[in-house]
Every structure is written in structure tokens, then in C-alpha cells.
Amino acid sequence: MAMTFEPALKPLILALDTPDLDAARRIAGRVREQVDIVKIGLQLFSAEGRVAIDRLKQDGFEVFLDLKLIDIPNTVAAACRALCEYEPLMLTVHTMGGQEMMRAAAAAVAGKCGETGLRRPLLIGVTVLTSFDLLTLKKVGIPDSVEEEVLRLAVLARDSGMDGLVTSPLETLPVRREVGEEMLLVTPGVRPKGAKKDDQKRVASPREAMRDGADFLVVGRPITTSEQPAEVAASMLEEATTRTTDY
Ligand code: C5P
């Protein structure tokens, strides 16, 4: 584990992929015992704005704000300063925005939180989206394999002040080996054994993902579409917390 939190946070992050804040709060409330952190992505943030963050924080959750920021360095820095006001635990930026952009984001959150006393969000870099494959990369002018590109961006992110990375189950182990223990790894595409994959191209069980070096697991539909979300979350949490570090 790259960092310790006080108090320790459970490793499951519940993805609230809905535009409806009431529905999001209802499902999050059903797994309150198993989940400390919820993911608010572009969909919920676009629909409900900062109210979504405020309400879920009032409900007792930490927020992983997954907006995958990418723009010129000055604009991303300004957005980061503004988002610090909402005090998310984690905030994602897109590593394809480049080194200057990531450094500007890191300096912005450090500066803003230093000036105001707000809690500094952890900056988490997104590398290659899971919707990309070799052909998609080629079409945007990148001749390398997905793994080569992910590893290149992961090292760039580490050297540009990011605190962590989002890694698919395919990439968690090689990225952990490449970047070392210092970075937080947040892994989506996690499924209980035998569950359907939905549109996830590659999935891992909670135990496999943690064994590969993940610190947090982002789980959506296996929990949100279940008739018994608390039971599913509890069993995934139990699997995730019987972890090993031998990778
Ligand atoms: O598939 P699930 O509902 O568990 O998705 C959880 C998160 O995983 C989503 O919020 C999204 O960020 C990510 N995801 C992904 N690739 C997909 C589908 C979802 O990275 N194909």
C-alpha cells in the first residue's frame, strides 16, 4: 500500500454511474457498512454538479472525483484549484495531457490547499482508456502496444507529481512493478468470481487485483444492479482484504 489513511479506508470504491443523485444516494446507503468511498464521474457530476459531492459527503462518504481533466496546463490548474473547494479525496487527470499539465495540476492543488487549509486531494492519473486497443491507439498516431503506452504514461505521471494511477486489471501488475510502491493504484474491472463481465474487456477478482498491487478497487454494476448489494459488497470486501503482497 502506497499510503495510509487515518482512519483506514476500506478498499472498495462504489462507482455511481447514474445521472440521478437520489438513486445514487439510495444505493450508496445500502452499502454504507462495506464502502467508504464513492466514485462520482462525468455523468453524475454533469447532471448534478457539486451538490452530488456535498450530499454524498454529508452521507458520510469520501469522494473519488473522476473527471479525467485534460486541457492546457493553465486551464487544468485553474480547474484543480476550483475543485479543491469540494474537498474530494481523489481527483483524476488525464496523463495524455503531458508532463507540464500534470505538474501544473500538482502545483495548483498544493498551492490552493496550502493557502486555504483545505485538504489536498490525491491526484490520480488516467493512462489509456479501457475502450482503447492496438488499432485505436494506432489511429491516434501511437504505434506502441497498449501496455507500452500505459507504462510510459505511468512513469511520466509518477515523475510529474501524481499520487496514483488508474490501472485496468491487465495493467496493475506491470504498472506496480514499473512505478514501485510509492503510487496508489486504483483498479476498475473487478468482478466476483463467476459474475458477468458487462462491457469490461478484462476483469479480475478482488483477490487477484489486490495481489497484483491495487490499493483500491472501483466496482459498479456487480453491486448497483444486485438485489442484495450489501451481501455482494461484503463478499468482495472480504476477498479484497485477505491480501498478499508477493507480486
Ligand atoms: O463495470 P463497472 O460497473 O464495475 O464499472 C466501474 C467503473 O469501471 C466505471 O465507472 C468506469 O470508470 C470503469 N469502466 C472501465 N471500462 C469499462 C467499463 C467501466 O474502465 N469497459
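Relevant structure appears above.
Residues numbered from 1 in each chain as written. Predicted model: local features only at pLDDT ≥ 70, side-chain atom pairs only at ≥ 80, totals over all residues. Heavy atoms only, no water.

A. Region of the structure containing the pattern of salt bridges. In this structure the tally under the stated criterion is 20 salt bridges. Arginine 25 serves as the salt-bridge partner of aspartate 59, at 2.8 Å between the closest nitrogen and oxygen. Residue aspartate 59 is located in the loop between helix 3 (50-58) and strand 3 (62-69), and its partner arginine 25 is located in helix 1 (residues 21-30); the two are separated by 34 residues in the primary sequence. A relative accessible area of 29% places arginine 25 in the partly exposed class. Across the pair glutamate 208 and lysine 193 runs a salt bridge, and its minimum N-O distance is 3.9 Å. With glutamate 208 in helix 9 (residues 206-211) and lysine 193 in the loop between strand 7 (184-187) and helix 9, this pair connects stretches of sequence that are 15 residues apart. Take glutamate 208: its relative accessible area is 28%, and that puts it in the partly exposed class. Via salt bridges that share partners, Arg191, Lys196, Asp198, Asp199 and Arg221 belong to a single interconnected network. (Salt bridge = Lys/Arg side-chain N within 4 Å of Asp/Glu carboxyl O. Helix = DSSP H or I, 4+ residues; strand = E, 2+ residues; numbered from the N terminus. Buried < 20%, exposed > 50% of the residue type's maximum accessible area, 1.4 Å probe, protein only.)

B. Spotlight on the side chain of threonine 167. Within the secondary structure layout, threonine 167 lies in the loop between strand 6 (164-166) and helix 8 (172-179). Within polar-contact distance, the side chain of threonine 167 engages the side chain of threonine 172 at 3.1 Å. Among the polar contacts listed, one links the side chain of threonine 167 to the side chain of threonine 187, at a separation of 3.3 Å. Those residues in contact with threonine 167 that sit more than four places away from it in its chain are Thr172, Val175, Leu185, Val186, Thr187 and Pro188. (Polar contact = N/O pair within 3.5 Å; in protein donor to acceptor, adjacent residues only side chain to side chain. Contact = heavy atoms within 4.5 Å.)

C. Here's a closer look at the packing of helix 7 (residues 146-158) against helix 8. Helix 8 packs onto helix 7 with a crossing angle of 40° between their chain directions and a minimal axis gap of 10 Å. When the axes of helix 7 and helix 8 are compared, the pair comes out oblique. As for how helix 7 packs across helix 8, the hand of that crossing is right-handed. The segment helix 7 lies against helix 8, with Glu147, Val150, Leu151, Ala154, Val155 and Arg158 engaging Pro174, Val175, Glu178 and Val179. The residue makeup of the contact of helix 7 with helix 8, split by class, is seven nonpolar, no polar and three charged. (Axes fitted to C-alpha atoms, helices over the stretch in contact; angles between N-to-C directions. Parallel < 35°, antiparallel > 145°, perpendicular 65-115°, else oblique. Left-handed = near helix turned anticlockwise from the far one by under 90°. Nonpolar A, V, L, I, M, F, W, Y, C, P; charged D, E, K, R; others polar.)

D. Representation of the state of the cysteines. Going through the model one piece at a time under the given rule, you end up with zero disulfides. You can see cysteine 84 has no disulfide; the closest cysteine sulfur is in cysteine 113, sitting 3.6 Å from it. Judged by relative accessible area, cysteine 84 falls into the buried class, the value being 0%. Judged by relative accessible area, cysteine 113 falls into the buried class, the value being 7%. (Disulfide = S-S within 2.5 Å.)

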